[in-house]
Amino acid sequence: MKRLIRLAARLYPPAWRARYGDEFEAVIEDSRGSAREFVDVLFGALKMQLTRGGYLQFAAVAAVGGFAVAGVIALRTPARYVATSVLHNTSPDTELRAQEALSRSSLTELIRRPSLDLYRDNRQRWPMDMVVEIMRRRDLRVYRSGNDLKISFTYPDAAKARMVVGALAARLIEGNAAVIQRRQAIWPEVWRQLPVPQGGFVVVTSSATLPEGSNPLPFLAAGTFCGLALGVVSLAVLRHRRTARRVIGFALAGGAVAAVASFLGPDTYVSTATLRITPPLVSPAADGAGAPFRPEERFDALRREALSRSTLLAIIQRASLRLYEKKLAGRPADELVEQMRRDLSVRWGGANAFTISFAYGDRFKAQAVVRELVTQFIERNIATARAGMSSAPPGDPARVIEFYRAGSNLEVLDPASDPAAPIAPHRPMLALAGLMAGMMLAALTLVWQRARAQHRTA
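Residues numbered from 1 in each chain as written. Predicted model: local features only at pLDDT ≥ 70, side-chain atom pairs only at ≥ 80, totals over all residues. Heavy atoms only, no water.

Got a minute to help me understand helix α8 (residues 128–139) in this structure?
Across its 12 residues, α8 extends 15 Å between first and last C-alpha, which sits within 8% of the 16 Å expected from 1.5 Å per residue. Listed as buried for α8 are M128, V131, V132, I134, M135 and D139. Taken around the axis of α8, the buried residues stretch over an arc of 155 degrees, which confines them to a single face. (Helix = DSSP H or I, 4+ residues; strand = E, 2+ residues; numbered from the N terminus. Expected span 1.5 Å × (residues − 1). Buried < 20%, exposed > 50% of the residue type's maximum accessible area, 1.4 Å probe, protein only. Arc of directions from axis to C-beta.)

I would appreciate a short explanation of the packing of helix α1 (residues 2–9) against helix α2 (residues 14–30) in the present structure.
Helix-helix packing: each pair is described by the crossing angle between the helix axes and the interaxial distance. In contact at an axis separation of 11 Å, α1 and α2 are set at 165 degrees when each is read in the N-to-C sense. In terms of axis orientation, α1 runs roughly antiparallel to α2. Every pair of crossing elements has a handedness; the one defined by α1 and α2 is right-handed. Touching K2, I5, R6 and A9 of α1 are R17, F24, E25, I28 and E29, all from α2. (Axes fitted to C-alpha atoms, helices over the stretch in contact; angles between N-to-C directions. Parallel < 35°, antiparallel > 145°, perpendicular 65-115°, else oblique. Left-handed = near helix turned anticlockwise from the far one by under 90°. Contact = heavy atoms within 4.5 Å.)

What am I meant to see in the packing of aromatic side chains here?
Each pair of aromatic rings is reported with the distance of its centres and the angle of its planes. Tallied over the entire structure, the rule returns 8 aromatic pairs. Judged by centre distance (6.5 Å) and plane angle (15 degrees), the rings of W348 and F354 are stacked. Through a chain of ring-to-ring contacts, the aromatic side chains of F299, W348, F354 and F377 assemble into a single cluster. Here the basic side chain of R125 rests over the ring of W126, its NZ or CZ set 4.9 Å away from the ring centre. Sitting above the plane of the Y143 ring, R141 keeps its charged end 4.3 Å from the centroid. (Phe/Tyr/Trp six-rings, centres within 6.5 Å; stacked < 30°, edge-to-face > 60°. Lys NZ or Arg CZ within 6 Å of the ring centre and 35° of its normal.)

Laid out in structure tokens, this is it:
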């Protein structure tokens, strides 16, 4: 081991070895020659080589190190492939069918399908609702380009990526064909003497293309830049130990305070449901010239009724929920309702769909509230439909359409989700913010102390 220690000692700069070499050799001879001593000598030599060089030299070494680390990570990270399918769209119902294909239940079935078995590692760590959201927001895209509807999916397995876009395209085509078939079956019962209008259709113009691998160059560039920045900062810390200790102390204190505060604060869970207002399957007018269907107007009317003060207050005071009992105990009813409205989000999302979300400290109560609001929307939609039919004569086409359930309707695409993981507080981000705040405070104190010292000397 002493031989290894002598080899490590040769890594010290020549000027240092010329001055202290004999003394250091005597120290090595009297030492026990342990592995710990070898490590100490090796790191001491590396530290001296780096700190005695210039910033440019140290930064270059650090940049090469960052590039090497990024390269290793890039080689070990599996490539991600993108498969795309293009559908030529001439159907007015295609966007509605796309909502069904991208619903939580539809994507869950795809993820769990034995031939696909997607996101296996993620499913072992996270709940299914979170995995579906990852698929929707990060890997799956459905967007319109002129009269074409494009479906793209990104995944580490090229064959599975192609299978997913193929399955989604097939669902769109099958759903569209089913709607056309149902319309053709109901139309003669409403308009007996008139021909069935030609429905739209979806045609695949290009099947799933062979995906392309990901480009590692941006990742390598980021690794090089991070290594360069870390090298400059590390050298500054090594050369100014007192300043480094102060900055690190303030940063750790700030991070600790932020971490404690985040753990003392309550968790927040969000449950979400998605509903859709479907247009009439059969037009109330034979020539299609009846009153145009405006789903946003129906949504606004239902939202006003379902989110009224009396409805929300009844939900808050329900014995199985008793919302805000600890936070706002003894407060006026109007204040409770306003608090619930701040935690509640009902948003129109386009393509006849809207979402209902509620944030609360109890995951089960958050889900129960969303379920109750979904029920409120459905009941009020049914009441509106019945009220519109009460004044219509028995032979009115609108009454027949309602009998066949072919009029406008409210459907639940995604039921209230079970928020297994809280969305707030984001403890890692809060701890990082605390670290940054501590470093900024340390920098301000250093600037202030230097200003005071210069003022005294002046």
